[in-house]
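Each chain, letter by letter, is given below.
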Amino acid sequence: MEPGWNPSGLSDEQADLVLKTHGPNIPVAERPLAALQILWGAIANPFNILLTILAVISAATKQISTFAVMMAMVFASTGLRYWQELKSMIQAVNLIKSVTTNTRVLRYRASGPEELEIDQRNVVPGDIIAVTSGDVFPGDCILITAEAVTITQASLTGEMMPIEKTVRLAAPRPGETLDLLHNDNVCLAGTSVVTGNGHALVVSTGKDTYMASIASELSKQRPENATQIGIRKVSYVLMGFMAVMAPIVFIVQGAVSKNWKGAVMFAIAIAVGITPEMLPMIVTSNLALSAVRVARKKVIVKRFDAIQSLGAVRILCSDKTGTLTADHVRISMSTTGAGDLSQLPIELAYINSSLQTGSRSPIDHAIVDFVHESEQDIFTNIPRDGWVKQGEVPFDSSRRLLSVLVSRPGGDGSEGLLITKGAVEEVLNACVSTYNYHPSPSSDASKPLGLDVSPSMTSVLTAGERQKILETAQRLNEEGLRLVAVACREQLIKSFMTISCSDESELTFIGFIGLLDPLKPDAAQAIKDLAALNVQVRILTGDAPAVAAKVARDLGLIPSRQQLSTEDDVEACSSSKSEEGLILTGVQLAALVDDQEAYKDAIDRCIIFAKLSPYQKLEVVKALRAGDGGRAVAFLGDGVNDALAIRGADVGISVDSGTDIAKEAADVILLEKSLGVVADGVVEGRITLINTLKYIKMATSSNFGNIFSVLVASAWLPYQPMLPLQLLVQNLLYDFSQASIPWDNVDPEYLEAPKTWGAKSIIRFMVCMGPFSSPFDITTFCINWFHYGIRTLDSPLVPRAQTNWFLEGSLTQLFIIHFLRTGKLPFIQSRASVPVVCTTFGIAGIAIAIPYMPKVNTALQLTPPEPIFYAYLLGMITGYALVVHVAKTVYQLAFKEWL
């Protein structure tokens, strides 16, 4: 409690003083747009850093053209990434703009306490606030008066149903632990009142609230996601390979040519040639294109890497309420005490809910809406209309009952029906009999009430019968249903009479109303789509295990009890296969912390994690990421209790109606609560990643093959087989031909399983496929040596030799794109997109034209080749294509992969 608090409220002077001390009550999610942080994130890309280092070295060695080209790639990549991420961030900030909300507080004046409305930013610790249905608590509060107060704290705990709160001014008992989320009289910031009214003492505001403690965790440095880790490893591989090959080329070239200065320049050109100059641009344009595609489906991508990470996701962890379910209480069934279906309980519950005049709870709304929206009249036992309310006993949290006394016109006016609904045990405690459903109840025209609850139609509620009803309730609870019990009795109506709690006795038990939060319409199909993409779905919720299990069964995430009961193999019902073996609660999880092996096994085995705290959700996500050698994990949630897990996942996903903290932590924000969009995002992520891998594998393998060819040429030829500028232009032509890769088609089989950046896969592809170009390069050297007789450094035909290799290298690289982009037979089994076809053939035409272009050929020291060389060139391109296709087939048989 706040020291010196006054039940009459603070004075204006006291409130001003506390406001100066504690500061304004500002939501933690309100912070300025970090434009510079976004810019730094766009610049500090491993590929950008690598290219910048090479560009600086080029400038130091007076290779100004090389420096200009490489820096242009860096600036283009950075600019595109910064622009797209800044635009997405502005959209996200607009979503979480604060809205001015007023709060009713008590201010102590000379004349006594006075209630007035103030901006919630000015609420301070020690304030007494007045709350009623619909009000949001501006800070962490303690109730000091309460009349039937229930609150919703789904954003904090994931629990769908309202929670009852009461006044408790007594000190905690010895040994009693304080649970903020489930304490009887504590109402946390951001929760709201569903029913009732009362007064509360504000104990903390702003950065001192429970919500703020979660937000403070979000300010810590975020762990690298799967995409960032993969890119970093690939960058290290490229830099290591460059560091090994460049010195080798320098030594060999210098020893053969004796021109050590020229050898330095050539080694630098080789280092540039190893590095795919367009990689940052290809990656960024791929991500930008995917961001545009998903934006059409009403998705905001706050962080570019999230798209590729979605493609790598193997496990999607989802909160239940509002993501898998509709976050709206609905009627599921109406049953007798034995669990048999009957409309009578919902009929009586409707009369009770529609005529009561207190604060209508979500349960009342669900009952009334169910009847109104029903396609057929469900009133088959009693009349629906014409009931007149004669009295009411409002709901309160101690009784947990709500009763109305009703009558119908047509009788003598003295016959009434008291209808009571409420918590199961409380209703049973007020009952002395049960309704006899055999024969089936029917509207009795001779009875003014239309229902006969006389002793002839009821049975005494014995201890055994009571136990059967409780067992039915437990079974229905275990199926994920929230139950409301219904009872009634006949009662005489007298003029000017009132009813009270004492009238809620000697009732006849009628049955149950079962409520649940129904699945979203697209949830089941989205789960199937994700399963087809080999993405596992796990439910992480603060709600009860039974409720989460019901959702999981309906979605097919865990087997139904009928499936388990029909298993022939006894082992199938062991703990690892039974429903209990697939569900883990927060308490059970905490008990496993000291046994790491059991902890890891439980995390990998379980599908449902229930009654989790926000920190436990984060720990589960971390454990899933670390399992099986490292897995990409996404988390979808919208509550405060989801924020830590959203930030700790490889991809954090929230929705526009989520809490500010959840949206702040997320990488992706869905403007519509649709799981189908997540499945679409996974496909887009895989397309993006596959097309990026196409480029890097093609570029590195091609460059690796060129290195072999250069080494052979350096050891054999007395002249440079290609000038540094010619080598740079050839690389740029090849890179620009691949600028259309983001628009390329992707074979369906590459979208079936998660994919991530794999340094080993890239190295293997580069080493295995790269050298196959060298024999054809060496063939070109042989043609120059034996056919044209170019064997000395001072030969005037050296430019022709360099032109021949320039053309052979350029055209084989360009045409072979169609063979390397797919594991199938190109043009027949798999066709490239129109942009890729146009670009590759267009760049090939430019490469052929360059030796004939005045000034350009002079600047590059190229000369038109003899016509006979084109015959050699056609043969080499055809041979290279055949060799690559055979090597590709063998590679896939050996390593069971291609891209």
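Since the model is a prediction, treat every value here as computed from it, not as a measurement.

A. Geometry of the overall build of the protein. From N to C terminus, the protein includes 30 helices and 23 strands. The burial tally for the protein puts 55% of its 899 residues in the buried class. The contacts of the protein with a sequence gap of at least 6 include a subset with a gap of at least 24, amounting to 75%. As displayed, the protein offers around 37300 Å² of accessible surface, 59% of which is attributable to carbon and sulfur atoms.

B. Geometry of the environment of Arg303. By secondary structure assignment, the location of Arg303 is in the loop between β8 (299–301) and α10 (305–312). By relative accessible area, which is 17% here, Arg303 ends up buried. Residues Arg303 and Val651 lie 348 residues apart in sequence; the distance between their C-alpha atoms is 9.4 Å.

C. Molecular detail of helix α14 (residues 463–478). Between its terminal C-alpha atoms α14 stretches 22 Å, which fits the 22 Å expected from 16 residues at 1.5 Å a residue. Where α14 is buried, its residues contact β10 (330–335), α13 (424–429), β14 (431–435), β16 (482–492) and β17 (507–516). A positive phi of about 90 degrees marks Gly480, the residue just after α14.

D. Structural view of the sheet that holds strand β21 (residues 632–636). One open sheet accounts for eight strands, arranged β8-β23-β22-β21-β9-β18-β20-β19; its pairing is mixed. Here the strands that pair on one side only, and so sit at the sheet edges, are β8 and β19 (583–585). Strand-to-strand twist in this sheet, taken as the mean axis angle between neighbours without regard to direction, amounts to 20 degrees. In the sheet, β21 pairs with strand β22 (residues 651–655) via three bridges, with the strands oriented parallel. Across the sheet, Leu636 pairs through a bridge with Ile653, a residue of β22. Where helix α16 (residues 545–555) meets the sheet, it contacts β18 (536–540), β19 and β20 (608–610), and its direction lies at approximately 155 degrees from that of β20.

E. Local environment of a nonpolar patch on the surface. On the surface, Ile49, Ile53 and Ile57 cluster together into a nonpolar patch covering about 240 Å² of accessible area. Here Ile57 is to be found in helix α3 (residues 46–60).

F. Fine view of the pattern of salt bridges. Evaluation of the coordinates by the stated rule reveals 31 salt bridges. In this structure, the salt-bridge partner of Asp744 is Lys694, at a minimum N-O distance of 2.6 Å. Of this pair, Asp744 sits in the loop between α24 (724–737) and α25 (759–769) while Lys694 is found in helix α23 (residues 675–716), placing the two residues 50 residues apart along the sequence. Take Asp744: its relative accessible area is 4%, and that puts it in the buried class. It is possible to trace a salt-bridge network through shared partners that takes in Asp12, Arg107, Arg109, Glu114 and Asp127.

G. Highlighting the pairing of strand β9 (residues 313–318). In terms of burial, β9 is a largely internal element, five of the six residues being buried. Taken together, the five bridges between β9 and β21 define a ladder with parallel strand orientation. Paired with Val313 across the two strands is Ala632, which belongs to β21. Bridging between β9 and β18 involves four bridges; their strand directions are parallel. Its bridge partner lying in β18, Ile315 is registered against Gln536.

H. View of the packing of aromatic side chains. Counting across every chain of the model gives 11 aromatic pairs. Plain terms: the ring middles of Tyr350 and Phe379 are 5.6 Å apart, the flat faces sit at 75 degrees to each other, and that makes the pair edge-to-face. Taken together, the residues span a long stretch of sequence, with Tyr350 in helix α11 (residues 344–355) and Phe379 in the loop between α12 (362–373) and β11 (388–393) at a distance of 29 residues. Exposure remark for Tyr350: the relative accessible area of 7% places this residue in the buried category. The class for Phe379 is buried, based on a relative accessible area of 9%. Summarising the aromatic geometry, the rings of Phe776 and Tyr880 are spaced 5.4 Å apart at their centres and angled 45 degrees between planes, so their arrangement reads as tilted. In this pair, Phe776 sits in helix α26 (residues 774–787) while Tyr880 sits in helix α30 (residues 867–895), placing the two residues 104 residues apart along the sequence. Both residues of the pair, Phe776 and Tyr880, belong to the buried class. Pairwise contacts between aromatic rings join Phe765, Tyr891, Phe895 and Trp898 into one cluster.

I. Here's a closer look at the environment of Gln525. Mapped onto the secondary structure, Gln525 falls in helix α15 (residues 523–532). Given the relative accessible area of 46%, Gln525 is considered partly exposed. Taking the C-alpha atoms as reference, Gln525 lies 7.6 Å from Gly676; in sequence the two are 151 residues apart.

J. Layout of the environment of Asn6. Along the polypeptide, Asn6 turns up in the segment before α1 (12–22). Assessed through its relative accessible area of 27%, Asn6 is described here as partly exposed. Separated by 100 residues in the primary sequence, Asn6 and Leu106 have C-alpha atoms spaced 9.9 Å apart. Reaching out from Asn6, the side chain makes a polar contact with the backbone nitrogen of Ser8 at a distance of 2.9 Å.

K. Molecular detail of the confidence of the model for the protein. Model confidence for the protein is summarised by a mean pLDDT of 82, while 87% of its residues fall at 70 or above. For the protein, per-element mean pLDDT is lowest for helix α17 (residues 561–565), which scores 53, and highest for β14, which scores 94. Low pLDDT, under 50, characterises residues 29–33; the stretch is placed with 11 contacts to residues that sit more than four places away or in other chains. Predicted confidence is poor over residues 95–99, with pLDDT under 50, and the contacts of this stretch with residues over four places away or in other chains come to 11 contacts.

What counts as what
- Residues numbered from 1 in each chain as written.
- Predicted model: local features only at pLDDT ≥ 70, side-chain atom pairs only at ≥ 80, totals over all residues.
- Heavy atoms only, no water.
- Helix = DSSP H or I, 4+ residues; strand = E, 2+ residues; numbered from the N terminus.
- Buried < 20%, exposed > 50% of the residue type's maximum accessible area, 1.4 Å probe, protein only.
- Contact = heavy atoms within 4.5 Å.
- Areas by Shrake-Rupley, 256 points an atom, 1.4 Å probe, with all protein chains shown as cover.
- Expected span 1.5 Å × (residues − 1).
- Pairing = 2+ DSSP bridges.
- Axes fitted to C-alpha atoms, helices over the stretch in contact; angles between N-to-C directions.
- Patch = residues over 30% accessible without salt bridge, like charges linked within 9 Å, V, L, I, M, F, W, Y side chains within 5 Å.
- Salt bridge = Lys/Arg side-chain N within 4 Å of Asp/Glu carboxyl O.
- Phe/Tyr/Trp six-rings, centres within 6.5 Å; stacked < 30°, edge-to-face > 60°.
- Polar contact = N/O pair within 3.5 Å; in protein donor to acceptor, adjacent residues only side chain to side chain.
- pLDDT = per-residue confidence, 0-100.

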